[in-house]
Structures are given as C-alpha cells and as structure tokens.
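Reading the structure
Spelled out, the chains give:
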Amino acid sequence: KLRPASFCKDSCYLPPLRYPAVCPIKSSTVAEEYQYIIHGGKNPNNELSDKLYILNIASKVNKKFTFRCIEKELVGEIPEARYGHTVNVVHSQGKKMIVIIGGRSYMAPGQRTTENWNRVVDCMPLIFLVDPEFGCCTSYVVPELQNGFSFHVSLTRNDTIYIIGGHSIETNTRPPNLCKIKIDLPIGSPAVNCCVLSGGISVSSAILTQVKENEFVIVGGYHSDNQKRLVCNTINLDDNKIEIVEREVP
C-alpha cells in the first residue's frame, strides 16, 4: 500500500527528477541510518540539474514518514549538469567521500545550432570526488577511462567502486565494461587508481541491488536499443575479486 509522504518545514524543494543518480549513505549512527544522496537528473522542463541533495527521514510516527531534503552547496570543480550517471560513497581510513562518474549532458552552448540544440553527448570520463561535509569538488583524470559512458551500473565496497556495462552515445554501443576504481583517503590529497578487468557484461539501464553482504544482483536493462535484456546476473565480491555469473530468471 502506497502512503503519502510529507516534508518537514525546513526542507528545500526537491523537484521531480528523471534519471538522477541515487545512492544511500551508510553510517553506523542511528541518526544517519536513513540518508540518501540525489544528484543530477532532468527536471520537468527537460533541463539538466547539477544540484546535489541529501535526503533523510526526519521523523516516523505511526508508519507516517516525514522527510527532510537539504541542497548541498558545491564549490571547486563542480560536475556539469548531467543524467544517466552514478553516485557512490566510499569509505577509507575513517573518512568518506562522494564519487560521481559518467553520465550525459547537453552539448556546450558554443557548439549548439538550431538543428542540434537538444543533442546530448557523453560527459568527459572524469571521476569527481565530493566532500560530503564541505561540498568541495575535485576532478580526476584516469588513463584507463578513455571514453564517456552512461546508464552503467556501479557497486561499492569500502574504498572500491566497480563500474559495469554502460552505453556510449558516440558509437551507440554497450561495451562489456568492468572497471575497478580504488580511492584512498589519507591525510592530504586523495589517491584515485583505476584498472580494467576482464569478465564484464554488456548492459545498460539495468537495476542493481544488494542481496547479501558480498552478493549483488543485476536485473533488466538493454542489450541494444530495441532488445531488452532477459537474463539476470549475480555478482560475487570476495577478497577484492569480482565474479559475474548468470542466474535463474525470476
């Protein structure tokens, strides 16, 4: 049964967004148990958002939830407005960092003409780190990511993010990407390292969910523009090793 949700008075406005990047913030404290990050997406006017929101449950009374939404002010190398990307939170050495990867954006204003005004392109293959406390953004170039991609899936374990699949609008392909991005957060500047692994799958616009501590499931998505993906996969993580296998379709 669906129930109406309300926002507390000190919340900011959260617009209805299509294709934003969403992820939970895992925390050991009860006060931060239910927190989600929402970044980017398309608003009802088909404009792209570059805003980052933090959503949490302000109160729960008799199964009625009241939410609080806060817009986080970003400074530094702010990611351009985009959609079809992913956002994750990594934990390293007692610190955490928001990571934004991939996605699609409109062509730069100087490149637009009447014919291609609404044309979208893959964002540059940069990795953005965002400090969740101060909103400071820093971009990183990694040689292993040569092309932009969007509508991929991603999963996080501690200080490591795995990027799977995705769609390249430039080549209209869904290469079987599998990238491992490790982010160290020592005192001082973060260290971002990426390596390309074998054993990836070709998929875009799929749903990924965690079913056990080290087990994830990929459902749905597309093989091509007109072919939906009818297989499911289990992802097993063990000692920083990743294995993707087909599983029985529900």
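Keep in mind that what you see is a predicted model, and the values were worked out from it rather than measured.

Definitions and limits used
- Residues numbered from 1 in each chain as written.
- Predicted model: local features only at pLDDT ≥ 70, side-chain atom pairs only at ≥ 80, totals over all residues.
- Heavy atoms only, no water.
- Phe/Tyr/Trp six-rings, centres within 6.5 Å; stacked < 30°, edge-to-face > 60°.
- Helix = DSSP H or I, 4+ residues; strand = E, 2+ residues; numbered from the N terminus.
- Buried < 20%, exposed > 50% of the residue type's maximum accessible area, 1.4 Å probe, protein only.
- Salt bridge = Lys/Arg side-chain N within 4 Å of Asp/Glu carboxyl O.
- Pairing = 2+ DSSP bridges.
- Axes fitted to C-alpha atoms, helices over the stretch in contact; angles between N-to-C directions.

Brief notes about the packing of aromatic side chains
Following the criterion strictly, the structure yields five aromatic pairs and no others. Note on F7 and F67: the rings are 6.0 Å apart at their centroids and 45 degrees apart in plane angle, and the pair reads as tilted. Here the residue F7 occupies a position in strand 1 (residues 6–7), and F67 occupies one in strand 5 (residues 64–72), the gap between them amounting to 60 residues. Judged by its relative accessible area of 42%, F7 is partly exposed. Note on Y19 and Y83: the rings are 5.8 Å apart at their centroids and 40 degrees apart in plane angle, and the pair reads as tilted. Residue Y19 is located in the loop between strand 1 and strand 2 (21–24), and its partner Y83 is located in the loop between strand 6 (75–76) and strand 7 (86–92); the two are separated by 64 residues in the primary sequence. Residue class for Y19 comes out partly exposed when judged on its relative accessible area of 42%. Taking relative accessible area as the criterion, Y83 reaches 6% and is therefore assigned buried.

Observations regarding the pattern of salt bridges
Taken as a whole and judged by the stated rule, the model has seven salt bridges. In this structure, the salt-bridge partner of E71 is K51, at a minimum N-O distance of 3.3 Å. Taken as a pair, E71 in strand 5 and K51 in the loop between strand 3 (35–39) and strand 4 (52–61) lie far apart in primary sequence, 20 residues in all. Measuring nitrogen to oxygen at the nearest pair gives 3.3 Å for the salt bridge that ties D184 to K182. Residue class for D184 comes out partly exposed when judged on its relative accessible area of 24%. Among the ionic contacts, a cluster of salt bridges with common partners joins D159, K182 and D184.

Let's talk about the environment of D239
Assignment of secondary structure puts D239 in the loop between strand 21 (232–238) and strand 22 (241–247). Spatially, the C-alpha atoms of D239 and Q210 are 17 Å apart, while their sequence positions differ by 29 residues.

Brief notes about unusual backbone geometry
As a rule of thumb, non-glycine residues mostly have phi less than zero, and peptide bonds are mostly trans rather than cis. The phi dihedral of Y19 falls on the positive side, at around 55 degrees, and the residue is not glycine. In this structure, Q93 takes a positive phi of about 50 degrees despite not being glycine. On the secondary structure map, Q93 appears in the loop between strand 7 and strand 8 (95–101). Owing to a relative accessible area of 60%, Q93 belongs among the exposed residues under this scheme.

Points about the sheet that holds strand 22
The four strands are arranged 17-18-21-22 in an open sheet whose pairing can be described as antiparallel. A single partner strand is all that each edge strand has here, and the edge strands are strand 17 (207–212) and strand 22. This sheet shows a mean twist of 25 degrees between the axes of neighbouring strands, independent of strand direction. The pairing of strand 21 with strand 22 spans seven bridges and is classified as antiparallel. Each bridged residue has a counterpart across the sheet, and for I235 the counterpart in strand 22 is I244.

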